[in-house]
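Residues per chain, in single letters:
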Amino acid sequence: MLTPSIQLSMKIDAVLKAHPPTSDSGVRSGPVPVTNLKITQVDPLDPQLAERLHFQSPMQMKQAFTYTNLEISHGMYLEVGAKEYAISGVAAWADEDGYRLVQMILEDIVVV
């Protein structure tokens, strides 16, 4: 079970999106909403963790946490406000009630 302080930190509204299955004609549409989530603030990923995970990307890596019983996986998207992040990694810690604390590793394209 989550502590009250962690539960209080999950106050940001986000939309989890996924690509629907490819149609019979071979066309794959863009990601569609799956569900709404409450998440923590989207923060930069710890540089040591990114190095340990061997992330080599021109994108800035970020992270957010949520508490859910849904399957969240690599390749899904997280929309927070007007910004959409690709989920490039997921770590989950199970709870006895079927829910999990989920860390989502997010890709943020940085335009310079």
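You'll find the structure just up there.
Computed from a predicted model, the values in this text were never measured in an experiment. (Residues numbered from 1 in each chain as written. Predicted model: local features only at pLDDT ≥ 70, side-chain atom pairs only at ≥ 80, totals over all residues. Heavy atoms only, no water.)

1. Focus on the nonpolar core
Defined as follows: Nonpolar cores were defined as sets of buried Ala, Val, Leu, Ile, Met, Phe, Trp, Tyr and Cys residues, with membership established by side-chain atoms within 4.5 Å. Buried, partly exposed and exposed residues are distinguished by accessible area as a fraction of the type maximum, computed with a 1.4 Å probe on protein chains only: under 20%, between the cut-offs, and over 50%, respectively. The numbering of helices and of strands both runs from the N terminus, where a helix is a DSSP run of H or I of at least 4 residues and a strand a run of E of at least 2. Contact definition: two residues touch when any of their heavy atoms are within 4.5 Å.
Counting 16 residues, the largest nonpolar core has Ile39, Ile72, Leu78, Ile87, Met104 and Leu106 as its most contacted members. Of all the elements in the fold, those that place two or more residues in this core are β1 (12–18), β2 (32–39), β5 (77–80), β6 (83–94) and β7 (100–108). Residues in contact with Met104, not counting those within four places in the same chain, are Ile39, Lys62, Gln63, Ala64, Phe65, Thr66, Ile72, Leu78, Ile87 and Gly89. Of all hydrophobic cores here, the second largest spans five residues; its members include Leu45, Leu49, Ala50 and Met61.

2. Details of the environment of Asp13
So the rule is basically this: Nitrogen and oxygen atoms within 3.5 Å of one another constitute a polar contact, given that in protein one can donate a hydrogen and the other can accept it, and given that sequence-neighbouring residues count only through two side-chain atoms.
Relative to the elements of secondary structure, Asp13 occurs in strand β1. For the pair Asp13 and Leu2, spaced eleven residues apart in the sequence, the C-alpha separation amounts to 18 Å. In contact with Asp13, not counting residues within four places along its chain, are Leu37, Lys38, Glu79 and Val80. Within the structure, the side chain of Asp13 is placed 2.6 Å from the side chain of Lys38, a separation counted as a polar contact.

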